[in-house]
Amino acid sequence: MAVKSSDQITLVDLTDGYSIMLSLDAISLNGGVSSLGTAQSVTVNVTAYKGGVKVVPTVGTPTCPTNVSASVGSAADSVVPVTITFAAALAAAGKVTIPVAVDDVTINKEFAYGIAFKGATGATGATGATGATGATGTAAYAYDLIVSHAAVVKSEAGDFTPEAITLTAKRGQGTTVAPANYSGRFKIETTTDNSTWTAAYTSSSNEATKTYTIPAGVVAIRCSLYLAGGTTTLLDQQTVPIVSDGATGATGATGQTGAAGKDAYTVILTNESHSFAAGVSAATATNITVNVVAYKGATQVAATIGTISGQVTGMTTSLVSNGSTSAGFKVTVTASLTTKSGVLTIPVTVDGHSFTKQFSWSLALTGTTGATGATGATGKTGATGATGKTGADGEDALLMVITTSAGNIFKNSSGSTILTAHVYKAGTEVTGSALTALGTIKWYKDGGSTAVGTGASITVNASDITNKASYTAQLES
């Protein structure tokens, strides 16, 4: 059995929570060969909820590395914008710390950024009878940190669900190498007050996965992926919140039960950042669908998407199942897209409450062809060699992406979702007989070796999930 391409998705369970959110936690900036090259900026919105009530947060002065600056704007509809500017001289990944206060509690939120450098120019051909053409520039690498759970539930009794989380590192290259496990360095930090972080684990050697058991007393876990060999170059970072059940209301003086706590609203995108396949200077025509998942407490509710902004030439957006629990939007790009990166702003309304989510994107550009080497001196004419055989054409790269029809969150063994594996060959989706000719799509659950389904789609019911489950789709020949 040969696996030509694969992808994985994790289905999780969430309950009531209290949170301070950034509309965007991380971004990948398009750079030159050794630095950013041109100044870039992004606006991150800070939103705070106290129970089910949206409140105005107080945002302090952000802490920025060299060549990075940030300014805090005025609140609008209880949302505070923070504009982060990256200078052209920026040459390394890093993070910006944003202090946010609600009432008398201050929480430091962190915004991470990385740089997708261009491939270096190919080396000059060696001197010979005729100068050889320089090698094609190396395509940029794209790194991704996958955490098995987006959030951890803490019961009123203090028990965690799940008890442990698993970190997995992935790396792809340009449009030719599909994402695969990458051995780098992990760093895991915990906090008990959402302000001070304590190192809990640091890789002593390169590794592709790490399972970490959650200790008592923590309220959040920060997971970081670094370049192999050390913890200097930050590649990706995610924060996993500990979401606690609300405490039982106190009994009133007359013996009546205290009022139930108000449910908090949670709005998430199933995909907050995407790198589109591209050639040397423009995108390869394709599209992706992103679902908007909204919860009131632990109950999924309908979401209404407003007018999306931030599109550029070569990019269009359209709404899918708007105003329902399956609401989402499709992003379509064509070969006219030459802008290297950007951010789409998505306004969402849930039960009369307004939220602003952001979707960042970039192009995975192919390195340019190296310059032609100088012509060498004419050598003596040797005997004519035999004609060599014509080499076979190289195979087009395959990429697999899993989408869901109803998000990736269940509650109380209720509901279902359809997982669909999309296969792209050289940037174009393959279906029907062309897909059959490539192989068979098989589904595996929680790393098992026995397939639980065959075909492009599989239906997963809430009753199939205990706390969480990971489903992997593989194109096998």
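Numbers given to residues run from 1 along each chain, matching the order in which its sequence is written. In view of the model being predicted, local features appear only for residues whose pLDDT reaches at least 70, and side-chain atom pairs are presented and counted only at 80 or more, with totals across whole chains, interfaces and linings using the full set of residues. Excluding hydrogens and water, the side-chain values take into account all heavy atoms of the structure.

Trainee: What is the right way to look at the overall build of the chain in this model?
Mentor: A run of H or I in DSSP counts as a helix once it spans at least four residues, and a run of E counts as a strand once it spans at least two, with each numbered from the N terminus. In terms of helices and strands, the chain carries 1 helix and 37 strands. Relative accessible area decides the class of each residue, using a 1.4 Å probe on protein chains only: under 20% of the type maximum gives buried, over 50% gives exposed, and in between gives partly exposed. With 477 residues in all, the chain has 40% of them scored as buried. As displayed, the chain offers around 22600 Å² of accessible surface, 49% of which is attributable to carbon and sulfur atoms. Accessible surface is estimated by sampling points in the Shrake-Rupley manner with a 1.4 Å probe; for residues, cover comes only from the protein chains shown.

Trainee: Please explain the sheet that holds strand β17 (residues 197-202) as it appears in this structure.
Mentor: Within a sheet, each strand pairs with its neighbour through backbone hydrogen bonds, oriented either parallel or antiparallel. Any two strands with at least two DSSP-identified bridges between them are counted as paired. Read across the open sheet, the 6 strands follow the order β13-β12-β20-β19-β16-β17; overall the sheet is mixed. On the outer flanks of this sheet lie β13 (160-161) and β17, each paired with one strand and no other.

Trainee: Teacher, can you tell me more about empty space enclosed by the protein here?
Mentor: Unoccupied space between atoms shows up once a probe the size of one water molecule is rolled over them. The way it works is a 1 Å grid over only the protein atoms, where trapped points that fit a 1.4 Å probe form a cavity and open points with protein on both sides within 12 Å along at least five of seven lines form a pocket, and then any residue with an atom within 4 Å of a point lines it. Grid points are joined across faces, edges and corners, and a volume is the space filled by probe spheres set on the points. For the coordinates displayed, the defined rule picks out 1 cavity of 30 Å³ or more. In this structure, the largest cavity spans a volume of roughly 70 Å³. Taken together, Met21, Leu22, Ser23, Asn45, Thr47, Phe355, Thr356 and Lys357 make up the full set of residues lining the largest cavity. Where the lining of the largest cavity is concerned, the elements lending two or more residues are β2 (20-22), β4 (40-50) and β29 (353-364). Sorting elements by how many residues they give to the lining of the largest cavity places β29 first, with 3 residues.

Trainee: How should I be thinking about the pairing of strand β14 (residues 164-173) in this particular structure?
Mentor: Each regular strand displays side chains that alternate between the two surfaces of the sheet. In this structure, strand β11 (residues 141-147) lies alongside β14, joined through 7 bridges in antiparallel fashion. The residue bridging Tyr143 from the neighbouring strand is Arg171, located in β14. Sheet topology note: the β14/strand β18 (residues 209-213) ladder contains 5 bridges and is antiparallel. Paired with Ile165 across the two strands is Tyr212, which belongs to β18. When β14 meets strand β15 (residues 177-181), the two strands line up antiparallel, connected through 3 bridges. Paired with Gln173 across the bridge in β15 is Val177.

Trainee: Can you help me understand unusual backbone geometry in this one?
Mentor: Most peptide bonds take the trans form, and the phi angle of most residues other than glycine is negative. Residue Pro162 is reached from Thr161 by a cis peptide bond, and omega for that bond is 0°. For Pro162, the position within the fold is in the loop between β13 and β14. Even without being glycine, Asp77 reaches a positive phi, approximately 55°. The phi dihedral of Asn194 falls on the positive side, at around 60°, and the residue is not glycine. A relative accessible area of 24% means that Asn194 is categorised as partly exposed.

Trainee: Explain the pattern of salt bridges here, please?
Mentor: Opposite charge on two side chains makes pairing possible when the charged atoms of those side chains draw close. For this document, the term salt bridge refers to a Lys or Arg side-chain nitrogen within 4 Å of an Asp or Glu carboxyl oxygen. Counted according to the given criterion, the structure contains 5 salt bridges. Linking Arg222 and Glu110 is a salt bridge whose minimum nitrogen-to-oxygen distance equals 2.3 Å. One end of the pair, Arg222, is in strand β19 (residues 220-226); the other, Glu110, is in strand β10 (residues 105-116), with 112 residues separating them in the sequence. With respect to class, Arg222 is no different from Glu110; both count as buried. The closest approach of N and O atoms between Lys442 and Glu476, which form a salt bridge, is 3.8 Å. With a gap of 34 residues between them, Lys442 in strand β34 (residues 440-445) and Glu476 in strand β37 (residues 469-476) connect regions that are remote in the sequence. For Lys442, a relative accessible area of 30% corresponds to the partly exposed category. Each of Lys95, Glu110, Glu189 and Arg222 takes part in a single network of salt bridges with overlapping partners.

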